[in-house]
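Working through the structure, step by step
Okay, here's what each chain looks like letter by letter:
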Amino acid sequence: MCAGREDGKSPSETAAPSVGVTDTVFVPRSQRCDPLMSSIPDRGGIPARRSAAPVQGGSPASEATTGWRALVARFQTPSWGRAAWQLTSTLLAYAAAWAVMLWLVTVSAWFAVPMVPLAALLLVRIFIIFHDCGHGSFFPSKTANDLVGAFTGMLTFTPYRHWRGEHAIHHGSTGDLDRRGIGDVWTMTVREYLDATPWRRFVYRMARNPVVLFVVAPFLLFVFWQRLPRRTAPLREKLSVWTTDIAVVAMCVGMGWLFGFGTFLILQAAVIAVAGAVGVWLFYLQHQYEDAYWQRGEAWDYVQAALKGSSFLALPKVLQWFSGNIGFHHIHHLSPRIPNYHLERCHASDPLFQQVPPMTLRSSIKSLWLRLWDEESQRLVPFSFLRRMHAAH
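Now for a description of the structure that goes with this document. (Residues numbered from 1 in each chain as written. Predicted model: local features only at pLDDT ≥ 70, side-chain atom pairs only at ≥ 80, totals over all residues. Heavy atoms only, no water.)

**A few points about the packing of helix H11 (residues 235–259) against helix H12 (residues 261–287)**
Interaxial distance between H11 and H12 falls to 7 Å at its minimum, and their mutual angle equals 130°. Regarding the angle of H11 to H12, the classification is oblique. Seen along the crossing, H11 lies across H12 with a hand that is right-handed. Judged by residue contacts, Met-251, Cys-252, Val-253, Met-255, Gly-256, Trp-257 and Phe-259 of H11 engage Phe-261, Thr-263, Phe-264, Leu-265 and Gln-268 from H12. In terms of residue class, the contact of H11 with H12 is made up of nine nonpolar, three polar and no charged. (Axes fitted to C-alpha atoms, helices over the stretch in contact; angles between N-to-C directions. Helix = DSSP H or I, 4+ residues; strand = E, 2+ residues; numbered from the N terminus. Parallel < 35°, antiparallel > 145°, perpendicular 65-115°, else oblique. Left-handed = near helix turned anticlockwise from the far one by under 90°. Contact = heavy atoms within 4.5 Å. Nonpolar A, V, L, I, M, F, W, Y, C, P; charged D, E, K, R; others polar.)

**Some words on helix H5 (residues 115–134)**
With 20 residues, H5 extends 29 Å from end C-alpha to end C-alpha; this agrees with the ideal 28 Å at 1.5 Å per step. For H5, a buried count of 16 out of 20 residues is recorded, marking the element as mostly surrounded by other parts of the structure. (Expected span 1.5 Å × (residues − 1). Buried < 20%, exposed > 50% of the residue type's maximum accessible area, 1.4 Å probe, protein only.)

**Considerations on the sheet that holds strand E7 (residues 379–381)**
If you trace the three strands from one edge of the open sheet to the other, you get E3-E6-E7, paired in mixed fashion. The open sheet has two edge strands, strand E3 (188–189) and E7, and neither has a second partner. As paired elements, strand E6 (residues 372–374) and E7 share three bridges and run antiparallel to each other. Within E7, the residue paired with Leu-372 across the bridge is Val-381. (Pairing = 2+ DSSP bridges.)

**Digging into the environment of Leu-122**
In this structure, Leu-122 sits in helix H5. What Leu-122 contacts, discounting residues up to four positions off in sequence, is Thr-90, Ala-93, Tyr-94, Ala-97, Trp-321 and Phe-322.

**Re the nonpolar core**
Grouped together as the largest cluster of nonpolar side chains are 50 residues, with contacts concentrated most on Tyr-94, Trp-98, Met-101, Leu-123, Val-271 and Tyr-284. Secondary structure elements with two or more residues in this core: helix H3 (80–107), H5, helix H6 (142–155), helix H10 (210–223), H11 and H12. No other element matches H12, which puts 10 residues into this core. With residues near it in sequence (within four places) discarded, Val-271 still touches Tyr-94, Trp-98, Met-101, Val-116, Ala-119, Ala-120 and Leu-123. Ranked by size, the runner-up nonpolar core spans 20 residues in total, among them Tyr-302, Leu-307, Ile-331 and Leu-343. (Core = buried A, V, L, I, M, F, W, Y, C linked by side-chain atoms within 4.5 Å.)

**What about the side chain of Ser-240?**
Residue placement: Ser-240 occurs in helix H11. According to the relative accessible area criterion, Ser-240 is buried, its value standing at 8%. In this structure the side chain of Ser-240 is engaged in a polar contact, spanning 3.0 Å, whose partner is the backbone nitrogen of Arg-161. Look past the residues within four positions of Ser-240 in its chain and what remains in contact with it is Pro-159, Tyr-160, Arg-161 and His-162. (Polar contact = N/O pair within 3.5 Å; in protein donor to acceptor, adjacent residues only side chain to side chain.)

**Some words on the environment of Ala-299**
Relative to the assigned elements, Ala-299 resides in the loop between H12 and helix H13 (302–307). The class of Ala-299 is partly exposed, set by a relative accessible area of 40%. For the pair Ala-299 and Asp-176, spaced 123 residues apart in the sequence, the C-alpha separation amounts to 8.9 Å.

**Some points on the packing of H3 against H12**
Relative orientation of the contacting elements H3 and H12 amounts to 130°, with a least axis distance of 11 Å. The orientation of H3 relative to H12 falls into the category oblique. The handedness of the crossing between H3 and H12 is right-handed. Between H3 and H12, the contacting residues are Tyr-94, Trp-98, Met-101, Leu-102 and Val-105 on the first element and Thr-263, Phe-264, Leu-267, Gln-268 and Val-271 on the second. When the residues that make up the contact of H3 with H12 are grouped by side-chain class, the tally is eight nonpolar, two polar and no charged.

Next up, the structure:
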């Protein structure tokens, strides 16, 4: 998450299917990387131009993918009605959850605890709306997307334009080993880990520890890290951070004045902590699983990265609703222009998309213990793989 644009275009305009295929992105030397993301050593700027490599057989991205653009095109049109209903119903539900929490806390703080997860899940759904606005896919109007994106960015403690610029890079580089460090969870290869210093290995193990990754880091990310712009960000994106900071402070001051600063800040911190943990967990599962996709250089392919390197997380319907259909992540990465409320229909529309094997809540647990990418076997492996490899030699 370390680059942005000055032209104000949405990520759907910069990270649509052609990005990573014909466009060029440049990551500057002084890039500021997200603490949740990769800390690949500085390489003085990474030229990110790629041409479409031949798609290999034996995977969902086979010769049948040549017509994928036509398959997704009819789902790329946003709906005023569906977008307005999703936004209104979600914001009203979130406001109601807060009203109930603030009333319950007057009786006993413990009574409000069960409402925190509900409010947090609704905040996750708000973030998905924010996310779609950033892609320019939620409303048919760019102005509507930008206004709603800025407002929901305040609620989620995330600067809209700054995040939008960084997230566009993620869509154009997912699965490329030569372009890690931009919107991906820090992932070392087996060889990189073996060649690393003891200190770097320790830091990497800490960064991949589930408690750090899903509890500590999300809270720090949303509450503190996103309050500062990266030094090389365009002025427009820096202004997005500063105006969001002012809006967040104003919201906290106003709510604190109305309901008590201690009460509001404790509840807000709890909601952000739970929502952040759920959000990072979802993000992790979207690209971190045993048979994921990572390639180098000209071998990297946009369609393979979407259909093989982005998961289909088959969630229970209630969790699918709270997560705004983001479990259909293979569809989203293939075409970021598809709004979340069309993702499921797109997935069901053609056998090509249904070839992507589903990941369930039960099977996703295994992914939490996978740590390193083995370039020889082309799979994500746990640290225990190193002991087996050592024993074999």
